[in-house]
Amino acid sequence: MRRSADIDALEQVLCAALGSRAPVCSLARLGQGARAFADLDPAVLERSTLVAGGAPYLPTSPAPTPHALEELLRRAEALDVSQILVPGVRRSDDTGPLRAAGLVPVAAESECVVRLPREPAAGALDDVLRERLGTQQLGELRRRHEEVSRDVTWEHIPLSDLDGKPWARDAFVELHQRQAERDEGHDNLYNADALDVLAQGVLADRTEMFVCRRENTVAGAGLITRSHNGRGLYVLTQALGHDDPDARRDFSLASAYRLYLHARHSGLDWVHLGRGEAHHMRRLGADLFVPLDHWLRAPGLAAPEKAEEQALSEFATPPVAAVPVPGPARFRAVPRFDQIDLSSNTNPFLGTDGNYPDLDTAELAHTYLTTISQLPGHDGVDALTAEHLLFTSGAVDGVLLLLAALASPGEGVCVTPPTFPLYSHFARVLRLPVTEVPLGGDDLSQVDTERILAADPRVTFLCDPGNPSGTRIDPAQVHALVTRGRGLVVIDEAYVEFSEKPSYAGLVAQHDNLIVLRTLSKAWGLAGARCGIALADPGIIEALRRVQVPFGFTNASQRAARDRLTNSQPVLDGIRRIRAERDRMAGVLADHPAVDRVFPSETNFLLVRFHKHERVVDQLSGAGILVADVGRLVPDTCRITIGDQHANAALLEALSSAL
């Protein structure tokens, strides 16, 4: 929670639970919140501690201001308490005053949020969760919900109506007492006194008890509170009657899905699940994870060394090194879901399309890396983190970004024709001299390594698999350029999913001068979503952010990318079909009288040399078939995309007519 009045209300609830006028207790009494302190000296766990805010309750509280910290220190002195805890502070908050006051960060579990877009384009709840979880896991979540719901009824009771339903109040308290006893006997922080204080405080009007009953027995009870901005729900607590861990897990899955239905029906944007382990919470649909620390001041507790901020890459140009990331993108890791945002000057009356796209794409980056790490030829990708990745508006946007951020006017760019023409196009637009070192070999798979190294370019572009050649470059030559050159090597892997040879993505963590460009336009079938990926050293990614337009990656594109990545089986099936059809077409075309040569291909297209090139192109055009005439790059050739069998049959028929 981000409103001080709400945090104060939770502090009063804590005092009631502890039976004291001030929120003072040992850390060991704070239940699950104490897990983060397990490695500390036992004396720290047992010492009386002044707790700022609603420590055991799941919503986070803002980092205190210097003035609030001074008041907290005075309060501790007046209570004669030597230990202070400020719980659940987001790392994105300004924690400088906490450190200056002698408090030490202790890593806590992240807070976990399930975002449920309200706009009609997002579809029903299952459509939203399918893109998050994948079809299989969504099916599991729904199955658990349906099984549990056969035997129970769900009910939401406003706290203002609780006096009229004493059975719910009593069951809530009893279930939480049993849960406290199961969890190593810590205090029941939702006892009857705590519940009464909550029902009388400022949160009462926004808080409901949700219960599920099996006949006359309450099987579970919890509390949910609407956020002060009216856009989401905080899950404050949930206690289940089952002693069997498997039954509790099933019930937890079912109640989570039920809450999502409730939030969606209420037109809300998100459900805050509280703190938890990311892997488990992802399986519940969470897609926003905010790192937290508990801040503790205790006698003899020394602060760890402050982690250094990510250094900008030495390859960044001087102008880029002199400016910050532009505008709101500087705050991409600062969550705004639970704030009232009056900072963007947008129209609040025309729906959610009036909101700017989400800038924090760390979870989508995790999804992308996890997905491709499971593909053949992607060893080493699991060593990459979200800091190694930048989403761009297509891979072409990545080309322009890296040239603008990493090369100054006058510094050389090397390209290897025949290749994708926009490398040299953007280089010349940015006043960067271009050196061409043509590909060699019968299959256009060889680069003149020594000639490139002698040119000493700032940036070398390698399209691998090649466009328009369709072939792979000798990997030994690629490695030589990366390890021996002083400049950056950019490998454009737009078609790598169609290749049976390894990607270079797994080497990014080992070489700070290697950049790998990927795209979701080709194998992943999302050309319209405009989603490119740059994989590089985090210092290079930081440089690219400084020249990137902040809101170029729209929410619609993010949803499309997430859905495709989490439901990847159709993509993998499509890749297999394209490979099979490619190989079939290569064999048929190689025997066709109009064809001089079919180049080997590890892409979703074929480079074909024709005997009568111009006549063939005219004939295909007359038949309503468009192919890429690349005769200016490789004499007498066309680049032919692998279509479905109907399209390919039409192509062969038109070629026969050309004879």
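What counts and what doesn't
- Residues numbered from 1 in each chain as written.
- Predicted model: local features only at pLDDT ≥ 70, side-chain atom pairs only at ≥ 80, totals over all residues.
- Heavy atoms only, no water.
- Axes fitted to C-alpha atoms, helices over the stretch in contact; angles between N-to-C directions.
- Helix = DSSP H or I, 4+ residues; strand = E, 2+ residues; numbered from the N terminus.
- Parallel < 35°, antiparallel > 145°, perpendicular 65-115°, else oblique.
- Contact = heavy atoms within 4.5 Å.
- Nonpolar A, V, L, I, M, F, W, Y, C, P; charged D, E, K, R; others polar.
- Pairing = 2+ DSSP bridges.
- Expected span 1.5 Å × (residues − 1).
- Core = buried A, V, L, I, M, F, W, Y, C linked by side-chain atoms within 4.5 Å.
- Buried < 20%, exposed > 50% of the residue type's maximum accessible area, 1.4 Å probe, protein only.
- Polar contact = N/O pair within 3.5 Å; in protein donor to acceptor, adjacent residues only side chain to side chain.
- Phe/Tyr/Trp six-rings, centres within 6.5 Å; stacked < 30°, edge-to-face > 60°.
- Right-handed = clockwise from strand over helix to strand, strands pointing away.

Trainee: Go over the packing of helix 6 (residues 135–149) against helix 9 (residues 245–265), please, and point to the residues and values.
Mentor: In helix packing, the relevant descriptors are the interaxial angle and the interaxial distance, both defined with respect to the helix axes. The N-to-C vectors of helix 6 and helix 9 enclose an angle of 100°; their axes lie 8 Å apart at closest approach. By the criterion of interaxial angle, the relationship of helix 6 to helix 9 is roughly perpendicular. Contacts between helix 6 and helix 9 involve Leu141, Arg142, Arg144, His145 and Val148 on the former and, on the latter, Arg249, Asp250, Phe251, Leu253, Ala254, Tyr257, Arg258 and Leu261. Its residues assigned to classes, the contact of helix 6 with helix 9 shows 7 nonpolar, 1 polar and 5 charged.

Trainee: Describe the environment of Ile84, with residues and values.
Mentor: Within the secondary structure, Ile84 sits in strand 3 (residues 83–90). The spatial distance from the C-alpha of Ile84 to the C-alpha of Ala52 is 7.6 Å, given a sequence separation of 32 residues.

Trainee: Could you give an account of the sheet that holds strand 2 (residues 48–51), naming the residues involved and the relevant values?
Mentor: Spatially, the 10 strands line up as an open sheet ordered 1-2-3-10-4-9-8-7-6-5, and their pairing is mixed. At either margin of the open sheet sits one strand with a lone partner, and together these are strand 1 (24–26) and strand 5 (153–158). Across the sheet, the mean angle from the axis of one strand to that of its neighbour is 30°, orientation sign disregarded. Summarising the sheet, strand 4 (residues 104–115) and strand 10 (residues 288–297) pair through 8 bridges and their orientation is antiparallel. From the neighbouring strand, Val113 faces strand 10, where its bridge partner is Leu288.

Trainee: How would you sum up helix 7 (residues 166–182)? Please name residues and give values.
Mentor: Working note: α-helix, 3.6 residues per turn, so residues spaced by three or four point in the same direction. Given a rise of 1.5 Å per residue, 17 residues ought to cover 24 Å, and the 24 Å separating the end C-alpha atoms of helix 7 matches this to within 8%. Structurally, helix 7 contributes buried residues whose contacts are with strand 5, helix 8 (192–200), strand 6 (207–214), strand 7 (217–226) and strand 8 (232–240).

Trainee: I'd like to hear about the environment of Asp353, residue by residue, with values.
Mentor: You can see Asp353 is positioned in the loop between helix 11 (318–321) and helix 12 (362–373). Here the alpha-carbon distance between Asp353 and Asn555, two residues 202 residues apart in the chain, equals 9.3 Å.

Trainee: Can you break down the nonpolar core residue by residue, with the values?
Mentor: Core analysis: the biggest nonpolar cluster contains 49 residues, and Tyr368, Leu389, Phe391, Leu520, Ile533 and Leu535 have the highest contact counts within it. Sort the elements by how many residues they give to this core and helix 12 lands first, with 5 residues. Core analysis: the second largest hydrophobic core is formed by 47 residues, Met1, Val106, Leu162 and Trp270 among them.

Trainee: So what's going on with the side chain of Thr371? Residues and values would help.
Mentor: Inspection of the secondary structure puts Thr371 in helix 12. Among the polar contacts listed, one links the side chain of Thr371 to the backbone oxygen of Thr367, at a separation of 2.8 Å. Not counting chain neighbours up to four residues away, the residues in contact with Thr371 comprise Trp524, Leu565 and Ser568.

Trainee: Residues and numbers for the packing of aromatic side chains, please.
Mentor: For the coordinates displayed, the defined rule picks out 9 aromatic pairs. An angle of 70° between the planes, with centres 5.3 Å apart, marks the rings of Tyr234 and Trp270 as edge-to-face. Of the two residues, Tyr234 sits in strand 8 while Trp270 sits in strand 9 (residues 270–276), which places them 36 residues apart along the sequence. The two residues Tyr234 and Trp270 agree in class, both being buried. Ring geometry for Phe420 against Tyr423: centres 5.4 Å apart, planes inclined by 75°, an arrangement best described as edge-to-face. You can call Tyr423 buried: its relative accessible area is 0%. Site record: aromatic cluster; members linked through ring pairs are Tyr234, Trp270 and Phe337.

Trainee: Talk me through the pairing of strand 14 (residues 459–463); I want residue IDs and the actual numbers.
Mentor: Taking burial as the measure, the 5 residues of strand 14 include 5 buried ones, the bulk of the element. Across the two faces of strand 14 the burial is the same, with Val459, Phe461 and Cys463 and Thr460 and Leu462 all buried. Pairing between strand 12 (residues 413–415) and strand 14: 2 bridges, direction parallel. For Val413, the partnering residue across the bridge sits in strand 14 and is Val459. Note that strand 14 and strand 15 (residues 488–492) share 5 bridges and pair parallel. Paired with Leu462 across the strands is Ile491, a residue of strand 15. In this fold, the crossover linking strand 14 to strand 15 by way of helix 16 (residues 475–484) has right-handed handedness.

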